[in-house]
Amino acid sequence: MPLAARYHAATEEAAAQALWRSLSANAFDTASTAPVFAIDTPPPTVSGKLHLGHVYSYTHTDLIARFQRMRGRNVYYPMGFDDNGLPTERLVEKTRGVRATQVGREEFIRLCLEVGDEAERDYRALWERLGLSIDWGHTYRSIGTLARRTAQTSFVDLARRGLAYRSEAPAIWCPECQTAIAQAELNDLERASTFFTLAFAVDGAEPLRIATTRPELLPACVAIFVHPDDVRYADSIGREAVVPLSGHRVPILADAAAETEKGTGAVMCCTFGDTTDITWWREHHLPLRAALDRAGRLTALAGDYAGLSARAARERIVADLDAAGLLLASEPITQTVRVHERCDTPVEYLIVRQWFIRVLDFKEDLLDAGRRITWHPASMGERYRDWVENLRWDWCVSRQRYFGVPIPVWYCETCGEPIFPDAADLPLDPAETAPRAACACGGETFTPERDVFDTWATSSLSPQIAGQMLADPSLYARVYPYAMRPQAHEIIRTWAFYTIVRAIHAGEPLPWSHVAISGWGLAGEGQGKISKSRGGGPMSPHEMIERMSADAARYWAASTGPGKDAIISEEKMAQGAKLVNKLWNVARFSERFISDAPTRVSRADLMPIDQWLLARLRHVVARATVQMEAYEYAAAKAGIEGFFWRELADNYLELAKARLYDATLTGHDGARHTLRLALSTVLRLFAPFLPHVTERIWGELFAARDGQPTIHRAPWPEADHTWEDASAEATGEAVISIAAAVRRFKSEQGISLATELPVLQVAPGDPPSLQRERLLA
């Protein structure tokens, strides 16, 4: 059936996707002996609607998957959904308007599962509409049975080996989300603040002037610190100061961490305002005064201010300080604060009992792992290194939430020791299942752990879950370690780092050899990253794809290389749509000439312009292959596209048109053979980028003769060394220059391009073959 006169993207893209489903074209072949290329695909977090930023980054993964499949690799391309933990809980709170404390734990978990089901159906619909070549026979949910079993099995193993431990210690706490969080979940946020200078009375000396942005922490003050070399306070060291309003007395101590140039050079240490306070508290064995509770409100320790939020307490305390004459100055400043990445709430540091996984003792191992992985681009490896070098906390993996993988442990009520289940009993919820045996101390009553794992504690095991380590060990042995981990740059500190931690602790090889980093899709100049939880950008991906086509959206996504952000550009997508239509029209023009074109010809059958095209094509294939293997997909696309427009469409077809139409002309078969070879090659080069239009053209023009029902199982082109011909390239470029000059002359003279010139004189310096050539415009 001939190609239609016009390309209708929606219809043709749906037909291509139906073909892939019918052929199971994207399925991992468990019987194949081909080398495996396994992808540790990012499981999208169930926290809102997918947006065009996801179209951008997930397309990058698919470019490599389709390329590797055409290179003859057995591609394992699973898909997961990260649907446990805080992000999904917050989505339920936002979309259903309820909190767990209002409806109860059981109903809230039911709502989380319901919202997860809805989101995952939407996510899959988008991935299929975009043309991602995912193997839908291998999917998982991070709240699913296999994921829960894998996470709990790993944790129990770590705990028994002392690599996971429980400790009551300062932890990073989010008052909004009401849970402990990890260092990797912190962002920096600039905000307007005020430096308040307060007067602290000192026995036998002038009052100390101390500047702080958090006067609400006065009840938590346990010491005053100055630098040991700061002559201003030499006589104060060793004395006691009286905390304003609170009235309790604290020592004045010396420590080199006190900054002489910050504020007044004297700083109060509160338990806890920041990580420096924690360090001083530990190193100087200071008392603990907990003035903030888990909701971010002042405790009974604060007296009249108890029950107030930190903000409200700050306002009241400042007013009272002023009234008492203890507020010496106030200065507006811009302050950088640490906030929880999920909600932008400034974090606190509270003493809570949490489960941790050890990382600080393994910095050298983690740094070495980063050096042995190939990062794309290479600079992202430096981000990983910087993160590891600046680690200050072990990884806190417990969360005080409801919807997540339960931490599988009980505590003996007799001796307090933790009791862990056997691996064969996992997964389980300790609140619903009792231990099989008594504690070693003889105790038979137990308190179940109520906390759940942080979602990263599960997704850090994505290679093991996606590879079905516990369910199908033979599959896992084939796919692990993975070839590729694609991910965004902002989660190098979480997903990449934590996955490497799990591999090192498990004694396994590194989880992947390559990490391919995608940048962000940006809503517009200066508008920043698009976020699911913050609205999803200016237009839904479904709406954009229906307007512009999936291939056009992929063209935009493929136009920017690894690690780089890209503004959503309808203009760039329009260029993609133009390319799709041109490819369709070139195929329609070529169809009549190549249907029975000879697959082999002698070199004598090829005219110089044929040899030129094939020589240029060899370079394009060689360069694109190297670039795709190096994850430089944007550069590869640019080179392929440039060849298609300039060499093939704009010049070769015009110069070969007469020979194509007229079977009596010398070189008729050579032109048809060259066109068939060039079009087949260009389609396969474009296939990872424009999978739908290339599929439809391939199916009509090449599938029957080439024996491959889908272009995505056809072999990636090889750079045929027999096409290499420097002389033919030089000749061809000269012909192109002459043809362009003729077209320009005709345009300037108002002569139809179809009109034959009676005489064409070539300058003596041109090659002799061109002096004899009669060119048709």
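These remarks concern the structure in this document. Being a predicted model, the structure only gives us computed values, none of them experimental.

Some details on unusual backbone geometry
Consideration 1: Here the amide bond leading from Leu-426 into Pro-427 is cis, since omega sits at 5°, within 30 degrees of zero.
Consideration 2: For Pro-427, the position within the fold is in the loop between strand S19 (418–419) and strand S20 (446–448).
Consideration 3: The residue after Tyr-480, namely Pro-481, is reached through a cis peptide bond having omega -5°.
Consideration 4: Positionally, Pro-481 belongs in the loop between helix H13 (473–479) and strand S22 (482–488).
Consideration 5: Non-glycine residue Ser-24 carries a positive phi angle of around 50°.
Consideration 6: Relative to the assigned elements, Ser-24 resides in the loop between helix H1 (9–23) and strand S1 (36–38).
Consideration 7: Residue classification places Ser-24 among the partly exposed positions, given a relative accessible area of 46%.

Here's the deal with the sheet that holds S20
Consideration 1: The sheet built from three strands is open, its strands ordered S19-S18-S20 with antiparallel pairing. Lying at the two open borders of the sheet, with one neighbouring strand each, are S19 and S20.
Consideration 2: Bridge count between strand S18 (residues 410–412) and S19: two bridges; the pairing is antiparallel. Bridge pairing in S19 places Trp-410 opposite Ile-419.

Points about the nonpolar core
Consideration 1: In terms of nonpolar packing, the biggest core is built from 112 residues, with Trp-127, Leu-583, Leu-648, Tyr-652, Phe-689 and Leu-690 touching the most fellow members.
Consideration 2: Residue contributions to this core peak at 13 residues, all from helix H19 (residues 633–661).
Consideration 3: Leaving out residues up to four positions away in the same chain, Leu-690 has contacts with Asp-551, Tyr-555, Leu-579, Val-580 and Leu-583.
Consideration 4: Core analysis: the next-biggest nonpolar cluster, separate from the first, contains 66 residues, Val-156, Leu-428, Phe-497 and Tyr-498 among them.

Focus on the environment of Asp-596
Consideration 1: Relative to the helices and strands, Asp-596 resides in the loop between helix H17 (570–594) and helix H18 (608–629).
Consideration 2: Accessibility expressed as a relative area gives 53% for Asp-596, which makes it exposed.
Consideration 3: Considered as a pair, Asp-596 and Arg-705 are 109 residues apart in the sequence and their alpha carbons are 9.4 Å apart.
Consideration 4: If sequence neighbours within four positions are ignored, Asp-596 has contacts with Arg-672 and Arg-705.
Consideration 5: Within the local environment of Asp-596, its side chain forms a polar contact with the side chain of Arg-672, the two groups lying 2.8 Å apart.

Conventions we followed
Residues numbered from 1 in each chain as written. Predicted model: local features only at pLDDT ≥ 70, side-chain atom pairs only at ≥ 80, totals over all residues. Heavy atoms only, no water. Helix = DSSP H or I, 4+ residues; strand = E, 2+ residues; numbered from the N terminus. Buried < 20%, exposed > 50% of the residue type's maximum accessible area, 1.4 Å probe, protein only. Pairing = 2+ DSSP bridges. Core = buried A, V, L, I, M, F, W, Y, C linked by side-chain atoms within 4.5 Å. Contact = heavy atoms within 4.5 Å. Polar contact = N/O pair within 3.5 Å; in protein donor to acceptor, adjacent residues only side chain to side chain.

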